[in-house]
Amino acid sequence: MPNITYATSERFVQRESTNMETDLLHDGERLFEILTNPFWLTLGWADVAKNKGAPGIDGVTVEAFQENIDQELSRLAEELLNWTYKPSPVKRVEIEKPDGGIRLLGIPCVRDRVVQATLKRIIEPVVVTPLFSDHSFGFIPKRNQGQAVREAQRIVQSGKEWVVDIDLSKFFDRIHHDRLIDRLGKVIKDKRILRLIGKILRSGIMKNGLVIPSLEGSVQGSPLSPLLSNVVLDELDKELERRELEFCRFADDCNIFVKSQKAADRVMKSVSSFIENKLKLVVNQEKSQVAKSREVKFLGLTIIDGHIAISIKSMARAMAKVKELTPRGTHLKLEATMEAINRWYKGWSSYYSLTQFPSQFVKIEMHVRRRLRSRIIDQQKSRRNLYNKLRKKGVGGKLAAKTVFSHNKRWALSHSHAVEKAYPNRYFTKELKQFKRSTFTEDHWLHPRRWSRLV
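Treat the numbers as computed from the prediction; the structure is a model and nothing was measured. (Residues numbered from 1 in each chain as written. Predicted model: local features only at pLDDT ≥ 70, side-chain atom pairs only at ≥ 80, totals over all residues. Heavy atoms only, no water.)

1. Examining the packing of helix α3 (residues 38–51) against helix α5 (residues 69–82)
Item 1. One way to put it is that α3 packs onto α5 with a least axis distance of 10 Å and a crossing angle of 120 degrees. Judged on the interaxial angle alone, α5 and α3 are oblique. As α3 runs across α5, the sense of the crossing is right-handed. Contact with α3, carried on its side by L41, T42 and W45, involves I69, L73, L76, A77 and L80 of α5 and no other residues of that element.
Item 2. When the residues that make up the contact of α3 with α5 are grouped by side-chain class, the tally is 7 nonpolar, 1 polar and no charged. (Axes fitted to C-alpha atoms, helices over the stretch in contact; angles between N-to-C directions. Helix = DSSP H or I, 4+ residues; strand = E, 2+ residues; numbered from the N terminus. Parallel < 35°, antiparallel > 145°, perpendicular 65-115°, else oblique. Left-handed = near helix turned anticlockwise from the far one by under 90°. Contact = heavy atoms within 4.5 Å. Nonpolar A, V, L, I, M, F, W, Y, C, P; charged D, E, K, R; others polar.)

2. Quick look at the side chain of S218
Item 1. Within the element layout of this structure, S218 appears in the loop between β5 (210–212) and α10 (225–242).
Item 2. Here S225 takes part through its side chain, which lies 3.3 Å from a polar atom of the side chain of S218.
Item 3. Each residue touching S218, except ones within four places of it in the same chain, is listed here: F172, I175, L201, S225 and L228. (Polar contact = N/O pair within 3.5 Å; in protein donor to acceptor, adjacent residues only side chain to side chain.)

3. Comments concerning the pattern of salt bridges
Item 1. Tallied over the entire structure, the rule returns 22 salt bridges.
Item 2. When the shortest N-O distance is used, the salt bridge between D47 and R121 registers 2.8 Å. Of this pair, D47 sits in helix α3 while R121 sits in helix α6 (residues 110–131), and the two are 74 residues apart along the sequence.
Item 3. Take D47: its relative accessible area is 18%, and that puts it in the buried class.
Item 4. Judged by its relative accessible area of 24%, R121 is partly exposed. (Salt bridge = Lys/Arg side-chain N within 4 Å of Asp/Glu carboxyl O. Buried < 20%, exposed > 50% of the residue type's maximum accessible area, 1.4 Å probe, protein only.)

4. Some words on the sheet that holds strand β3 (residues 162–167)
Item 1. Spatially, 4 strands are ordered β6-β7-β3-β8 in an open sheet, and the strand pairing comes out antiparallel. Across the chains shown, the open sheet's two edge strands, defined by having one partner strand only, are β6 (246–250) and β8 (289–292). Along the sheet, successive strands turn relative to each other by an average axial angle of 20 degrees, direction set aside.
Item 2. Strands β6 and β7 (253–258) of the sheet are contacted by helix α7 (residues 145–157), whose axis makes an angle of about 160 degrees with β6.
Item 3. On the sheet, α10 packs against β6 and β7 and is oriented at approximately 170 degrees with respect to β6. (Pairing = 2+ DSSP bridges.)

5. So, the pairing of β3
Along any regular strand the residues' side chains alternate between the sheet's two faces.
Item 1. Counting buried positions over the 6 residues of β3 gives 5, a clear majority of the element.
Item 2. Bridge count between β3 and β7: 6 bridges; the pairing is antiparallel. Bridge pairing links I166 to C254 in β7.
Item 3. Here 4 bridges tie β3 to β8, and the two strands are oriented antiparallel to one another. The residue bridging V163 from the neighbouring strand is A291, located in β8.

6. Here's the deal with the confidence of the model for the protein chain
Item 1. Confidence in the prediction of the protein chain, expressed as mean pLDDT, is 91, and 92% of residues score 70 or more.
Item 2. Here residues 1–15 scores under 50 on pLDDT; set against residues more than four positions off or in separate chains, the count is 22 contacts. (pLDDT = per-residue confidence, 0-100.)

7. A short note on unusual backbone geometry
Item 1. One non-glycine residue, F139, lies in the positive phi region at around 60 degrees.
Item 2. Counting through the fold element by element, F139 comes out in the loop between α6 and α7.
Item 3. Residue L299 is not a glycine yet carries a positive backbone phi of 55 degrees.
Item 4. Structurally, the position occupied by L299 is in the loop between β8 and β9 (301–304).
Item 5. L299 sits in the buried class, given a relative accessible area of 15%.

8. Re the packing of α10 against helix α11 (residues 261–277)
Item 1. Where α10 meets α11, the axes come as close as 11 Å, and the angle between the chain directions of the two elements is 145 degrees. Two packed elements cross with a definite hand, and for α10 against α11 that hand is right-handed. For the pair formed by α10 and α11, the contact residues are E235, L236, E239 and L240 on the first element and V271, F274 and I275 on the second.

9. Observations regarding α5
Item 1. Here α5 contains 14 residues, and its C-alpha end-to-end distance of 20 Å stays within 8% of the 20 Å for a straight helix at 1.5 Å per residue.
Item 2. For α5, the full list of buried residues reads I69, E72, L73, L76, A77, E79 and L80. Along the axis of α5, the buried residues cluster in a sector spanning 165 degrees; they form a single face.
Item 3. Phi turns positive one or two residues past the end of α5, at W83, with a value near 60 degrees. (Expected span 1.5 Å × (residues − 1). Arc of directions from axis to C-beta.)

10. So, the sheet that holds strand β2 (residues 102–107)
Item 1. In space, the 4 strands of this open sheet follow the order β2-β1-β4-β5, with mixed pairing throughout. One side of each edge strand has no neighbouring strand; the edge strands of this open sheet are β2 and β5. Geometrically, the sheet is characterised by an average inter-axis angle of 45 degrees between neighbouring strands, direction not taken into account.
Item 2. Looking at chain direction, strand β1 (residues 90–96) and strand β4 (residues 205–207) are connected through 2 bridges and run parallel. Within the sheet, the bridge partner assigned to K91 lies in β4 and is M206.

11. Considerations on the pairing of β7
Item 1. With 5 of 6 residues buried, β7 lies mostly within the body of the structure.
Item 2. Summarising the sheet, β6 and β7 pair through 5 bridges and their orientation is antiparallel. Bridged to F247 within β7 is I256.
Item 3. Counted between consecutive antiparallel strands, the loop separating β6 from β7 contains 2 residues, among which A251 sits at a positive phi close to 60 degrees.

12. Some points on the side chain of E239
Item 1. Here E239 shows up in helix α10.
Item 2. On the basis of relative accessibility, which here comes to 13%, the residue E239 falls in the buried class.
Item 3. Among the polar contacts made by the side chain of E239, one reaches the side chain of R242 at a distance of 2.7 Å.

Structure below.
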């Protein structure tokens, strides 16, 4: 085994990794030897270090692991070779979903994440290239959400506007281990790799100090989980292809497109039966639906009359986020509040720039300004102070008095002519440095004055 340290392998990783990954396709019997090579464990460690993340049940952080990285990787390689490696139970974490309910996540220990990240690097070129469908876009190299949504748009524009929107209930928690290993075994010839994946799947879950056996499921949150989930759902992809159905899938979010409601109802019934009887998964009947594309949310977006738009639920969540970032009675200055808004909005609007309606960004940005105008009004404490403030900002006495001494409350006042004249849009863009996605220019955008009619 070559003696490659973390420091030295970093210098030639890009030069060597491409050739080595290509060799994997032709050397399926020696994957385990590749896994135990310090060079490949170093690549796995680099992925873990880049993603950072919280410690597992042993409390070891990424930073602490890095302090003795060469020794840690050497020990991992030795344990793997001697089959003394035993993955620790994952730490159970529960987070709230945006639409209600609880999402169950698991945090493996850092050393286990290194093994899983290395496994992913090794088996991904073996599994992805010959196996996965062109209609699957989630967690696959060189594929992304944008490609999935644009493909859905293409299918709808071709005349298939009825959507079979299938939602899988607790998908990651219900993955059948034996079926998964059997499917992996069709493309991975090294049985030692399959044995190791089985150990990882059965490592257990620790919750409130107690270890719960993991008899089914793949921990959502581990480096290997997205790849394994795609292996499971590739069987669904192949069945849909066999039936010559057009579909787009991103992880467990799958939309099938047909021309009529009658066909959609028939597909929903037959595909749901296949998922539950063959794949041993559960279809969430409450969230699954048959509807026209304009009524279906796919990756936060929807297809309206052949155009991509931010879905009504995603817009509502964005408006709620603006409200959260501009609370009443806060001690923060307007500049600090705008900085927080900009940090969130730059990322949010970058993803949703897939929309063809920049007017949706205009709506969010208008809401930000109105919320801040409302705060300015509230900070004046009295109507007389607000009147004086408007006068100092150049508002005429008659207009200022008529506005301030009306019966309107602060939310109505924030949209009044007097307040908008005192604090115009340029005040927020020039002085508070508001970030405006709506002023960008994208080739796929429609005219900014064209509003989408969301369902």
